[in-house]
Amino acid sequence: MAAVVLDNLTKTFRDFLGRRRVRALDGLCLSVHKGEVFGLLGPNGSGKSTAFKICVGLLRPDAGQARILDHAPGSLAARMATGYLPEESTLLPHLTARETLRLLGALSGLTRQECARRADALLERLGLKEAGARRVKGFSKGMQRRLGVAGVLMADPQVFILDEPTSGLDPLGARDMKQLILELAGKGKTIIISSHLLGEIENVCHRVAFLNQGRLLRQGTLDELLREQGVHELRVSPADPGAVAALENLARERGLRIEKSGVPLKTLESFYVDVLGKRAGEP
Ligand SMILES: Nc1ncnc2c1ncn2[C@@H]1O[C@H](COP(=O)(O)OP(=O)(O)OP(=O)(O)O)[C@@H](O)[C@H]1O
Ligand SMILES: [Mg+2]
């Protein structure tokens with residue numbers, strides 16, 4: 001069964017006189033399977049956040065409908081099943097991080113003990129252990145994002161709708177977030193994320209969809225969409241120059257064109273992780 005279905009979603013924003021202004025979604029259809037990590041990609045203003053807001057019942061579509069585990073968005077059953085991280089932080093500035101999580105836990109029906117236990121575990125998991133007693137108003141953007149994600153995790157929902165979860169995170173934080181998303185997927189949770197950082201989507205999503213002007217352009221698995229046809233990449237070690245030259249000669253004899261051969265570069269991300277390593281206190 002699909003966990004999240006968007007069926008012909010259409011949404012036009014109008015000004016206060018009712019004049020047509022912007023068509024944010026234009027017949028969007030998507031179906032996200034249970035246990036899937038699904039990425040929604042597209043330029044600024046393409047309708048990603050609007051689609052998410054419809055899924056959680058914050059906006060009503062003009063036409064079409066969304067279903068969460070076959071429940072109507074905004075219904076109690078849908079709200080209980082869904083964890084939503086909005087694009088902008090919606091944290092209360094005067095609460096501490098720990099109080100924020102306990103409050104969110106209490107609102108979702110957890111007992112006092114469960115609230116305290118889960119809040120501490122999540123502060124630790126999201127790298128906020130030391131900041132648990134600090135007020136949110138002093139938090140950096142990335143710390144607020146981490147706390148927002150911890151808040152979504154308090155209720156342990158089935159479906160996660162995360163609007164740019166890595167925005168404002170440093171590369172180690174972004175790596176942690178990817179790890180967390182994969183852990184959630186491993187527990188059978190369904191996760192829909194949007195991000196402009198394509199490297200992040202690439203490492204975690206099973207499928208992605210491309211939106212433009214509220215319309216679906218393409219969707220598919222990363223393998224389907226990104227596989228280059230007609231080429232093969234071979235990586236060998238150790239880098240023995242004689243053996244490599246022999247391999248290249250063999251390739252030429254067999255009529256292959258060598259498009260690339262040389263010492264590969266690490267990505268800047270993996271180098272950053274090597275240099276700055278894990279956070280202080282991590283084993
Ligand atoms: N409340 C609103 N009132 C008027 N127009 C809106 C409103 N919310 C969104 N829009 C418009 O709808 C379109 C889609 O916006 P949306 O926020 O869904 O895009 P997005 O894909 O999430 O963009 P970004 O990548 O910048 O977050 C934009 O043109 C935006 O200006
Ligand atoms: Mg958005």
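Quick note: structure is the one above.
Since this is a predicted model, take the numbers as computed values, not measurements.

Rules used throughout
- The residue numbering used here restarts from 1 in each chain and proceeds along that chain's sequence as written.
- All chains are assigned letters beginning with A, and all ligands numbers beginning with 1, in the order in which they are written.
- Local features in a predicted model are, by the rule used here, given only for residues with pLDDT of at least 70; side-chain atom pairs are given and counted only at 80 or more, and totals for whole chains, interfaces and linings are based on all residues.
- With C-beta atoms placed from the backbone, a residue is buried if 20 or more other C-beta atoms are within 10 Å of its own, exposed if 12 or fewer are, and partly exposed between those counts.
- Runs of E in the DSSP output that reach at least two residues are strands. Runs of H or I that reach at least four are helices, and both are numbered from the N terminus.
- DSSP-based pairing: two strands are paired if at least 2 bridges between them are found.
- To obtain an axis, a line is fitted to C-alpha atoms, over the contacting stretch when the element is a helix, and the angle between two such axes runs from 0 to 180 degrees between their N-to-C directions.
- Contact definition: two residues whose C-beta atoms, as placed from backbone geometry, lie within 7 Å.
- Convention used here: angles under 35 degrees read as roughly parallel, angles over 145 as roughly antiparallel, angles from 65 to 115 as roughly perpendicular, and any remaining angle as oblique.
- Less than a right angle of anticlockwise turn of the near helix away from the far helix marks a crossing as left-handed, whereas a clockwise turn marks it as right-handed.
- Throughout, the ten residues Ala, Val, Leu, Ile, Met, Phe, Trp, Tyr, Cys and Pro are labelled nonpolar, Asp, Glu, Lys and Arg are labelled charged, and all others, Gly among them, are labelled polar.
- Only the C-beta atom matters for this test: placed from the backbone, it must lie within 6 Å of a molecule or strand for the residue to be near it.
- Note on definitions: a nonpolar core is a set of buried residues drawn from Ala, Val, Leu, Ile, Met, Phe, Trp, Tyr and Cys, linked by C-beta atoms within 7 Å.

A. Spotlight on the pairing of strand β9 (residues 215-221). Counting buried positions along β9 yields zero of seven residues, so the element is predominantly exposed. Linking strand β8 (residues 207-212) back to β9 in an antiparallel pair, the connection comprises two residues, with glutamine 213 at a positive phi of about 50°.

B. Quick peek at the sheet that holds β8. Spatially, the six strands line up as an open sheet ordered β5-β6-β7-β3-β8-β9, and their pairing is mixed. Both edges of this open sheet fall to β5 (82-85) and β9, since each of them pairs with a single strand only. Within this sheet the neighbouring strands show an average axis-to-axis angle of 15°, counted without direction. Here β5 pairs with strand β6 (residues 159-163) via four bridges, running parallel. Paired with glycine 83 across the bridge in β6 is phenylalanine 160. Lying over the sheet, helix α1 (residues 48-55) contacts β3 (37-41), β6, β7 (190-194) and β8, oriented at roughly 150° with respect to β6.

C. Summary view of the packing of helix α3 (residues 97-107) against helix α5 (residues 141-154). Following both chains from N to C, one finds α3 and α5 inclined at 30°, their axes separated by 8 Å at the closest point. Here α5 runs roughly parallel to α3, going by the angle between their axes. Our pair here, α3 against α5, has a crossing hand that is right-handed. Packed against α3, whose contacting residues are Ala97, Thr100, Leu101, Leu104 and Gly105, the element α5 presents Leu147, Ala150, Gly151 and Met154 at the interface. Across the contact of α3 with α5, the residue classes break down as six nonpolar, three polar and no charged.

D. Here's a closer look at the site of ligand 1. Taken together, Phe13, Val22, Ala24, Gly42, Asn44, Gly45, Ser46, Gly47, Lys48, Ser49, Thr50 and Glu87 are the residues near ligand 1. Residue contributions to the shell around ligand 1 peak at three residues, all from α1. In the shell around ligand 1, the residues fall into three nonpolar, seven polar and two charged.

E. Expanded view of the nonpolar core. Judged by nonpolar contacts, the single largest core of 61 residues is most densely connected at Ala51, Cys55, Ala150 and Ile161. Considering every element that reaches this core, the biggest residue donor is α5, with seven residues. Leave out the neighbours within four places in its chain, and isoleucine 161 touches Phe52, Cys55, Val56, Thr82, Tyr84 and Ile192.

F. Focus on unusual backbone geometry. Note that the residue after serine 237, namely proline 238, is joined by a cis bond; omega there is 0°. Locating proline 238 in the fold gives a position in the loop between α8 (222-226) and α9 (241-253). Within the chain, glutamate 164 stands out as a residue other than glycine whose phi angle is a positive 55°. With respect to the secondary-structure elements, glutamate 164 resides in the loop between β6 and α6 (171-186).

G. Region of interest: the environment of arginine 118. When you line up the elements, arginine 118 lands in helix α4 (residues 112-125). Taking the C-alpha atoms as reference points, arginine 118 and glycine 186, separated by 68 residues in sequence, lie 19 Å from one another.

That is the geometry; function is a separate question.
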